[in-house]
Amino acid sequence: MDIRKLTDMIAASPQIEIEDLEALAGLGYKSIMSNRPDGEDPGQPSAEVVRAVAKAAGLAFAHVPVVVGSISDADIETFGTALKELPQPVLGFCRTGTRTTTLWALSQSPTLGVAPVLSTASQAGYDLSALRSRLEARSPAGAMKKLSLSSDVLIVGAGSAGIATAASLLKRRPGLDILIVDPSDHHAYQPGWTMVGGGIFKSQDTVRPMRDIIPDGVRWEKVAVAAFEPERSMASLVDGRTVGYRMMVAAPGIKLNGGAIEGLEDSLGRNGVTSNYRFDTAPYTWSLVQNLKGGRALFTQPPMPIKCAGAPQKALYLSGDHWFRKGRINDIDIEFHNAGPVLFGVKDYVPALMEYMTKYRADLNFGSRLVSVDGPSKTATFARTGSDGTVTEDRRGFDMIHVCPPQIAPDFIRESPLAAASGWIEVDEATLQHKRFENIFALGDAASTSNAKTAAAARKQAPVVAENLLAVMDGKAMPCVYDGYGSCPLTVERGKIVLAEFGYGGKPLPTFPAWLIDGTKPSSLAWYLKSEALPPIYWHGMLKGREWLVSPEVKSSAA
């Protein structure tokens, strides 16, 4: 048994076995608490079986089951009450002990303080640092600062999805009381960062002050959300305040999980290690490309989902195009390491992309996942999955490596009641309404929808959310559906783009007729659209509620 003492009141443990209960009584424990739902793992003993055997061993028992990433305030209160009422000391268990420790920390931080509970958990081997904002919101200092806010519509996140939804709501209902919560000073046009890495855009042209982007008439609180209480239509902020709402739109974006790759965060931005996924490192990509005269250039793509799934290979194409034009392509060995099994998830666009992989002499490596980067020694380690499922490690030297970091939902989302088991916000793919809380909608990168996570998808989703949210607010049936549309302009060379547009299931959904832009072939007009038209369409169209070519699809039953 792996028992880790937290206090004299309670210890945490991974799943215990039935035969352990008598030994636990012998160790002096008076009570057992299970924090696992029944049936979570095959062969896991049910709560009632544990209760019966515990009783026979003279132990009290309580069952406070919680789901990973979905611990609510009600769960915390139930745990705290059970801990007070059970004979002590108590042994709490779950799959690993983390949920038990998390419940203990959240229930005790108002009295013990944030630093002590984090320290205690750490000493027991549980890293709860990602919970700090939620713990602080529950602390005495947070309670003293509490000042309630309210709004008809709370929008969490002022990225492309959040701002576009606010603008679309105001277009339909001027004067609607909307509050946006986001801690950022600046708003970024992230689709431009690939072009920065290719020497086409300047990085400063992709960002603007947030105050200039918030729609007129919308209130903005420059602060982060700590936790959600959807049963009470309330959100807690990291400064201790709470926000009440009638309706909520969750559009918090996505988290670059660079820490999942050993050594990446220490190396990124120097030693030939770069990424177009960050504003501060995209210019470094172009610097490396210009200065590389020969050697090996690696480009990586992690397991899905990621935002803009074409961006990892866009970096390769624009780099390869530069080296081709400069006559260096035969002196540089290009490798593309993709953790997935195919070059692109929609087969209609693969033939054109393969032509460019051949042109740039790129070595394709599927089932190859980057696991570590050593910048000073310029080596990268990949886990390669063979056709028989075996995994081997392969170390590759490099002169330049472009890394696409793994990506997950933000911590405060994954830990919230809004999250599905996957960690993404659990919504209906067609209506974008939360599956369990009818006054909540979600869109953009953090939603659980299976579409490509792109700004083009958010542009199509925003008016759907606006229409459906207002309908729910008015007690009417939701009239609109989202078809999964996403767009990925694949910059295969300077001056040409393969314009991939598709919906759910990989169904092609071209905006333009094939005689104008055939998305399966490189197009100069598509390049013009990406380089010249889309930035102003973004700043002056999408973020202003101008829904050019993205009118919501109306359900026939609601027509």
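Whatever comes next refers back to the structure up there.
How each quantity is defined
Residues numbered from 1 in each chain as written. Predicted model: local features only at pLDDT ≥ 70, side-chain atom pairs only at ≥ 80, totals over all residues. Heavy atoms only, no water. Helix = DSSP H or I, 4+ residues; strand = E, 2+ residues; numbered from the N terminus. Rg over C-alpha atoms; globule rule 2.2 N^0.38 Å. Contact = heavy atoms within 4.5 Å. Areas by Shrake-Rupley, 256 points an atom, 1.4 Å probe, with all protein chains shown as cover. Lys, Arg positive; Asp, Glu negative; His and termini not counted. Charge placed at Lys NZ, Arg CZ, Asp CG, Glu CD. Core = buried A, V, L, I, M, F, W, Y, C linked by side-chain atoms within 4.5 Å. Buried < 20%, exposed > 50% of the residue type's maximum accessible area, 1.4 Å probe, protein only. Phe/Tyr/Trp six-rings, centres within 6.5 Å; stacked < 30°, edge-to-face > 60°. Lys NZ or Arg CZ within 6 Å of the ring centre and 35° of its normal. Pairing = 2+ DSSP bridges. Salt bridge = Lys/Arg side-chain N within 4 Å of Asp/Glu carboxyl O. Expected span 1.5 Å × (residues − 1). Bend = angle between axes of the 7 residues up to and from the residue. Polar contact = N/O pair within 3.5 Å; in protein donor to acceptor, adjacent residues only side chain to side chain. Axes fitted to C-alpha atoms, helices over the stretch in contact; angles between N-to-C directions. Parallel < 35°, antiparallel > 145°, perpendicular 65-115°, else oblique. Nonpolar A, V, L, I, M, F, W, Y, C, P; charged D, E, K, R; others polar. Left-handed = near helix turned anticlockwise from the far one by under 90°.

Caption draft 1: The overall build of the chain, seen in detail. If you tally the helices and strands in the chain, you get 17 helices and 28 strands. The C-alpha atoms of the chain give 26 Å as radius of gyration, which agrees with the globular expectation for 559 residues (24 Å, within 12%). With the C-alpha coordinates of the chain rotated into their principal frame, the extents come out at 80 × 60 × 45 Å. The long-range fraction of contacts in the chain, counting pairs at least 24 apart against all pairs at least 6 apart in sequence, stands at 69%. Of the accessible surface of the chain, which amounts to about 22,900 Å², a share of 51% is contributed by carbon and sulfur atoms. For the chain, the distance from the average position of its 58 positive side-chain charges to the average position of its 59 negative side-chain charges is 5 Å.

Caption draft 2: Summary view of the nonpolar core. In terms of nonpolar packing, the biggest core is built from 53 residues, with Val153, Leu169, Ile178, Ile180 and Leu469 touching the most fellow members. For this core, the leading source of residues is helix α16 (residues 455-473), giving 9 residues. Those residues in contact with Leu469 that sit more than four places away from it in its chain are Val153, Leu169, Met247, Val249 and Phe441.

Caption draft 3: Summary view of the packing of aromatic side chains. Applying the stated criterion across every chain, the model contains 10 aromatic pairs. Measuring from centroid to centroid gives 5.6 Å for Tyr482 and Tyr504, while their planes differ by 75 degrees, and the two rings are edge-to-face. Of this pair, Tyr482 sits in the loop between β25 (480-481) and β26 (486-493) while Tyr504 sits in the loop between β27 (496-502) and α17 (524-540); the two residues are 22 residues apart in sequence, bridging distant segments of the chain. Judged by relative accessible area, which is 3%, Tyr482 ranks as buried. Relative accessible area serves as the criterion here: at 22%, Tyr504 is assigned to the partly exposed category. Relative to Trp539, the ring of Tyr538 has its centre 5.2 Å away and its plane inclined at 85 degrees; by these criteria the two rings are edge-to-face. Residues Tyr538 and Trp539 agree in their burial class; the two are buried. Members of the aromatic cluster, joined through ring pairs, are Tyr189, Tyr538 and Trp539. The ring of Phe324 is capped by Lys359, whose NZ or CZ atom sits 4.5 Å from the centre of that ring.

Caption draft 4: Looking closely at the pairing of strand β13 (residues 242-250). With respect to burial, β13 is a largely interior element, 8 of its 9 residues being buried. By the bridge criterion, 3 bridges tie strand β12 (residues 234-237) to β13 in an arrangement that is antiparallel. Its bridge partner lying in β13, Ala235 is registered against Val243. In sequence, β12 turns back onto β13 through a hairpin of 4 residues, with Gly240 there showing a positive phi of about 95 degrees.

Caption draft 5: Representation of the pattern of salt bridges in the model. One pass over the structure, following the stated rule, counts 31 salt bridges. A salt bridge links Arg132 to Glu136, with the shortest nitrogen-to-oxygen separation between them at 3.8 Å. On the criterion of helical spacing, the pair formed by Arg132 and Glu136 is a turn pair, its members being 4 residues apart in helix α6 (residues 132-138). Judged by its relative accessible area of 40%, Arg132 is partly exposed.

Caption draft 6: Local environment of α17. Here α17 is 17 residues long and its end C-alpha atoms lie 23 Å apart, about the 24 Å a rise of 1.5 Å per residue gives. Along α17, the largest kink reaches about 50 degrees and is centred on Ala533; proline Pro535 follows within four residues of it. Burial in α17 covers these residues: Ala526, Trp527, Leu529, Lys530, Ser531, Ala533, Pro535, Tyr538 and Trp539. The opening residue of α17 is Ser523, an N-cap whose side-chain oxygen sits 3.2 Å from the backbone nitrogen of Leu525.

Caption draft 7: Structural context of helix α8 (residues 160-172). Its 13 residues place the ends of α8 18 Å apart at the C-alpha level, agreeing with the 18 Å of an ideal helix rising 1.5 Å per residue. Of all 13 residues that make up α8, 11 are buried, and the element is covered over most of its length. Among all positions of α8, only Ser160, Ala161, Gly162, Ile163, Ala164, Thr165, Ala166, Ala167, Ser168, Leu169 and Leu170 are buried.

Caption draft 8: Molecular detail of the side chain of Glu415. By the secondary structure assignment, Glu415 is in the loop between α15 (411-414) and β24 (440-442). Despite its burial, Glu415 pairs with no opposite charge, the nearest such side chain being Arg414 at 5.6 Å. Here Glu415 is in contact with Gly69, Ser70, Ile71, Ala130, Leu131 and Arg134, once residues within four sequence places are set aside.

Caption draft 9: Expanded view of the packing of helix α3 (residues 73-85) against helix α4 (residues 98-112). Taken N-terminus to C-terminus, the directions of α3 and α4 make an angle of 90 degrees; their axes are 9 Å apart at the nearest point. Taken together, the axes of α3 and α4 lie roughly perpendicular to each other. Contact with α3, carried on its side by Asp75, Ile76, Phe79, Gly80 and Leu83, involves Thr100, Leu103, Trp104, Leu106, Ser107 and Gln108 of α4 and no other residues of that element. A class-by-class count of the residues in the contact of α3 with α4 yields 6 nonpolar, 4 polar and 1 charged.

Caption draft 10: Expanded view of the sheet that holds strand β20 (residues 379-385). Taken in spatial order, the 3 strands line up as β19-β20-β21 in an open sheet, and their pairing is antiparallel. The sheet is open, and its two borders are formed by β19 (368-374) and β21 (391-397), each paired with just one other strand. Geometrically, the sheet is characterised by an average inter-axis angle of 25 degrees between neighbouring strands, direction not taken into account. In this sheet, β20 lies alongside β19 in antiparallel orientation, the contact comprising 6 bridges. Paired with Ser372 across the strands is Thr381, a residue of β20.

Caption draft 11: The arrangement of the packing of helix α13 (residues 311-325) against helix α14 (residues 350-359) in detail. Closest axis-to-axis distance for the α13/α14 pair is 10 Å, and the angle between their directions is 45 degrees. Here α13 is positioned oblique relative to α14, judged by the angle of their axes. Note on packing geometry: the crossing formed by α13 with α14 is left-handed. The segment α13 lies against α14, with Gln313, Leu316, Tyr317 and Phe324 engaging Leu353, Tyr356, Met357 and Lys359.

Caption draft 12: Region of interest: the side chain of Ser531. Mapped onto the secondary structure, Ser531 falls in helix α17. Judged by its relative accessible area of 9%, Ser531 is buried. Not counting the four nearest positions on each side in its chain, Ser531 is found in contact with Met195 and Phe201.

Caption draft 13: How the structure looks around the environment of Ile254. Summarising the element assignment, Ile254 is placed in the loop between β13 and β14 (255-256). Residues within four places of Ile254 in sequence aside, it is in contact with Lys307, Gln407, Ile408, Pro410, Trp424, Asp445 and Lys453.

Caption draft 14: Expanded view of unusual backbone geometry. Here Gln88 and Pro89 are connected by a cis peptide whose omega angle stands at 5 degrees. Structurally, Pro89 is set in the loop between α3 and β5 (90-93). The amide bond that connects Met304 to the next residue, Pro305, takes the cis arrangement and shows omega of 0 degrees. You can see Pro305 is positioned in the loop between β16 (295-301) and α13. In this model, Lys378 sits at a positive phi of 50 degrees, which is unusual for a non-glycine residue. Mapped onto the elements, Lys378 comes out in the loop between β19 and β20. A positive phi angle, close to 65 degrees, is found at Leu549, a residue other than glycine. By secondary structure assignment, the location of Leu549 is in the loop between α17 and β28 (553-554).

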